[in-house]
Amino acid sequence: MTVLRIKGKSLPIPGKLIVVEGIDGSGKSTQIRLLEKWLRFNGHHVFLTEWNSSELVREITSKGKKKAKLTPTTFSLLHATDFADRYERNILPLLRAGYFVLADRYIYTAYARDVTRGCSQEWVRKVYSFAIKPDITFYFRTPIEVAINRILNGRPQLKYYEAGMDLNLSKDPYDSYRIFQSRIIDQYESIAESEKFVMIDATLGIEEQQTMMREKVAPLLPKRAPRQSIELKNNARKK
Ligand SMILES: Nc1ncnc2c1ncn2[C@@H]1O[C@H](COP(=O)(O)OP(=O)(O)O)[C@@H](O)[C@H]1O
Ligand SMILES: [Mg+2]
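Since we're looking at a predicted model, the values are computed, not measured. (Residues numbered from 1 in each chain as written. Chains lettered and ligands numbered in written order. Predicted model: local features only at pLDDT ≥ 70, side-chain atom pairs only at ≥ 80, totals over all residues. Heavy atoms only, no water.)

1. Notes on the environment of tyrosine 177
- Residue placement: tyrosine 177 occurs in helix α7 (residues 173-191).
- Overall, tyrosine 177 belongs to the buried group, its relative accessible area being 1%.
- For the pair tyrosine 177 and tyrosine 161, spaced 16 residues apart in sequence, the C-alpha separation works out to 9.2 Å. (Helix = DSSP H or I, 4+ residues; strand = E, 2+ residues; numbered from the N terminus. Buried < 20%, exposed > 50% of the residue type's maximum accessible area, 1.4 Å probe, protein only.)

Encoded structure:
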């Protein structure tokens, strides 16, 4: 079991943290939702949390984005505030209560994206240093064209920050998006080994990927009493 040390105290963490990372369109949300269903179906307590979903900073983030007023540092800090809010209110308490916490993007999204935007790697790591490391981080490795085709299918408009237009990579949002996403891939790949990413070939079929994920998660599941011993107990009670 993970044990967290805070101010000299040891906090046991009986829950498990499972994270999915990868560029937009790599299939993260599809897979984490299937994993969530499977865990729930098997009777486990599950909580799913998504990047940039806290009510606390929604308004200010959307205001800043609309006016294209965010710098790499303010953008990074808004995401960090969003993360800290979800971390302290949900992620950590539920891990302490023994939940499976599933995170659709975690600190590695900031490591990859904010560094691509020009924040220093050391600074970003320090900002997120309060966060516990996941039990498993699945990384969905995807050729950029595959991910882009999935994303643009039925949604031709790219948003300003989504396309990385703030970085002045190209005047064309699609070119900008391509360059931006491939730089994010480079960042992810550079930390994959040190952060022990479990690589998933995201070009495979949805079910095939899900099977691999379940195989990796299975050893984390609590061991159940064998059925026979439960039956014996019931028989004993009847006597
Ligand atoms: N293995 C796959 N093969 C083909 N299409 C997929 C696959 N996984 C996901 N998709 C589709 O690609 C799109 C993006 O998937 P999504 O899970 O939302 O990615 P992400 O959360 O990484 O941005 C969705 O339309 C989804 O149905
Ligand atoms: Mg998603």
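Back to the text.
2. As for the UniProt feature "domain: Thymidylate kinase-like" (unreviewed entry) in the protein
- Feature annotation in UniProt assigns "domain: Thymidylate kinase-like" (unreviewed entry) to the following positions: residues 20-211.
- Across residues 20-211, the secondary structure splits into 53% helix and 12% strand, with the terminal C-alpha atoms separated by 15 Å. (UniProt positions renumbered as here; feature names shortened; annotations may be inferred.)

3. Points about the pattern of salt bridges
- The tally for this structure, following the rule as stated, stands at eleven salt bridges.
- Between arginine 105 and aspartate 24 there is a salt bridge, with its nearest N and O atoms 2.9 Å apart. Linking arginine 105 in the loop between β5 (100-104) and α4 (107-116) with aspartate 24 in the loop between β3 (16-21) and α1 (28-41), this pair joins segments that are 81 residues apart in sequence. Summarising the burial analysis for this pair, arginine 105 and aspartate 24 share the class buried.
- Linking arginine 86 and aspartate 82 is a salt bridge whose minimum nitrogen-to-oxygen distance equals 2.8 Å. Here arginine 86 pairs with aspartate 82, and both are found in helix α3 (residues 72-96), just four residues apart, close to one helical turn.
- The class of arginine 86 is buried, set by a relative accessible area of 3%.
- Aspartate 82 sits in the buried class, given a relative accessible area of 1%. (Salt bridge = Lys/Arg side-chain N within 4 Å of Asp/Glu carboxyl O.)

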